[in-house]
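Spelled out from the first residue to the last, the chains are:
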Amino acid sequence: MDIVTYGDPVLEKKALPVTEFDENLKLLVAEMFDAMHHDRGIGLAAPQVGVSLRVFVTETEGDGQRVFVNPEIIMTSPELAEYEEGCLSFPGLYFTVKRPATVKVQAFNEKGKAFTLEAEDLLARVILHEFDHLEGKLFIDRISPFKRGRALLHFQKLIKM
Ligand SMILES: [Zn+2]
């Protein structure tokens, strides 16, 4: 599975909920981990492989592989944190994004088992970034219009190289 890069309309569409926890879902999740590992990512959302479904996976240092199906953000901290983010759909582009420092999320795993997770630091960051993908929102939408314009210009130069 190839990772879709910026410009593909699937990245700006709101993804649909998963209705069947079947073999196709398990296959999708396995392929997403493969694609993420191939590009050395720590998080990947289904729209990034061209599948408009509410699924994302994470694998951050010190934490194992996690699968989030039909996730709901149930709490975010008022405290914000700044961190330099990248996105596999914008290869080579990095900039600082402010997001809540902690997040509480409810989701299902690929087998349909419900769970609740409270995350902080890098895992919270990745969850919020990937959740945005399911809403059709990208990390360039989380910065000021001026910085967004500059980031996009820089990205266009990067992809021409
Ligand atoms: Zn991303």
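Please read all numbers here as calculations on a predicted model, not as lab measurements.

> How should the pairing of strand β2 (residues 55-59) be read in this particular structure?
A regular strand places its side chains on the two faces of the sheet in alternate fashion. Among the five residues in β2, four count as buried, and that is most of the element. Alignment of strand β1 (residues 43-45) against β2, held across three bridges, turns out to be antiparallel. Among the inter-strand pairings, L44 is bridged to a residue of β2, identified as V57. Summarising the sheet, β2 and strand β3 (residues 65-76) pair through five bridges and their orientation is antiparallel. Looking at β3, one finds that E59 is bridged to Q65. Counted along the chain from β2 to the antiparallel partner β3, the turn is five residues long, and its residue G62 has a positive phi close to 85 degrees.

> Explain the layout of surface pockets here, please?
Put simply, the largest pocket is a space of about 450 Å³. Around the largest pocket, the lining is made up of 25 residues, and of these G41, I42, G86, C87 and Y94 lie nearest the centre. Looking at the lining of the largest pocket residue by residue, the class counts come to 11 nonpolar, eight polar and six charged. If you add up the space inside the second largest pocket, you get close to 230 Å³. In terms of lining, the second largest pocket is formed by E82, F95, T96, V97, K98, R142, I143, S144, K147, R150 and A151. Elements represented by at least two residues in the lining of the second largest pocket include exactly β5 (95-100) and α3 (145-160).

Thresholds, definitions, all that
Residues numbered from 1 in each chain as written. Predicted model: local features only at pLDDT ≥ 70, side-chain atom pairs only at ≥ 80, totals over all residues. Heavy atoms only, no water. Buried < 20%, exposed > 50% of the residue type's maximum accessible area, 1.4 Å probe, protein only. Helix = DSSP H or I, 4+ residues; strand = E, 2+ residues; numbered from the N terminus. Pairing = 2+ DSSP bridges. 1 Å grid on protein atoms, 1.4 Å probe; cavity = no way out; pocket = protein on both sides within 12 Å on 5 of 7 lines; lining within 4 Å. Points joined across faces, edges and corners; volume = space filled by probe spheres on them. Nonpolar A, V, L, I, M, F, W, Y, C, P; charged D, E, K, R; others polar.

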